[in-house]
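One letter stands for each residue in the lines below.
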Amino acid sequence: MNKLAGLALLGTLITLTGCEDAQEVKEDAKDKSAQMQEKLGDAWEDVKDKTNELKNDESLNELMQESKAMGLDMYDDGKEIAVDAWVKSKEAAGELTEKTKQKARELAQEIEQARQEHEEG
């Protein structure tokens, strides 16, 4: 009976030790989580501060305005180039069509001449 009581006491001791270890791990994880939350909060505050500094930086604002103006100019230039290219392509297509029509007429005349020569011959 003493052996059985001793085993029960040993099992209880092991269980208590395991519970204490689990509690320590749980508390350690809680502490680490709190530390991480604090570090994340600090990093977020740094980001917000840097963002505010950049927003209030006149040279950056000027650079942004210049970039915007340059982009609009490039857009306008691109539109103008595209319209010019479209007009030229239409003109070229018209010339090609006229050249094609002329070649078709010449070919039709050659065929007609060949037919006449064949009928006469």
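Below, the structure is looked at part by part. Just so we're clear, the structure is a prediction, and the values are computed from it rather than from any experiment. (Residues numbered from 1 in each chain as written. Predicted model: local features only at pLDDT ≥ 70, side-chain atom pairs only at ≥ 80, totals over all residues. Heavy atoms only, no water.)

The next point concerns the overall build of the protein chain. When you go through the protein chain residue by residue, the secondary structure sums to two helices and zero strands. By residue count, 0% of the 121 residues in the protein chain fall in the buried class. (Helix = DSSP H or I, 4+ residues; strand = E, 2+ residues; numbered from the N terminus. Buried < 20%, exposed > 50% of the residue type's maximum accessible area, 1.4 Å probe, protein only.)

With that settled, the discussion passes to a negative patch on the surface. Together, Glu-38, Asp-42, Asp-46, Asp-49, Glu-53, Asp-57, Glu-58, Glu-62 and Glu-66 make up a region of like negative charge exposed at the surface. Elements represented by at least two residues in the negative patch include exactly α1 (2-56) and α2 (58-120). Here the element with the most residues in the negative patch is α1; it accounts for five residues. Secondary-structure assignment places Asp-46 in helix α1. (Patch = residues over 30% accessible without salt bridge, like charges linked within 9 Å, V, L, I, M, F, W, Y side chains within 5 Å. Areas by Shrake-Rupley, 256 points an atom, 1.4 Å probe, with all protein chains shown as cover. Salt bridge = Lys/Arg side-chain N within 4 Å of Asp/Glu carboxyl O. Lys, Arg positive; Asp, Glu negative; His and termini not counted. Charge placed at Lys NZ, Arg CZ, Asp CG, Glu CD.)

Here we come to a nonpolar patch on the surface. Judged by side-chain polarity, Val-83, Trp-86 and Val-87 come together as a nonpolar surface patch covering roughly 300 Å² of accessible area. Inspection of the secondary structure puts Trp-86 in helix α2.

Let us look at the pattern of salt bridges. Going through the model one piece at a time under the given rule, you end up with two salt bridges. One salt bridge in this structure joins Lys-48 and Glu-45, with 3.2 Å as the shortest N-O distance. In this pair, Lys-48 and Glu-45 are both assigned in helix α1, three residues apart and thus about one turn of the helix distant. By relative accessible area, which is 34% here, Lys-48 ends up partly exposed. Accessibility expressed as a relative area gives 38% for Glu-45, which makes it partly exposed. One salt bridge in this structure joins Glu-112 and Arg-115, with 3.7 Å as the shortest N-O distance. Pair noted here: Glu-112 and Arg-115 are both in helix α2, with a separation of three residues, about one helical turn.

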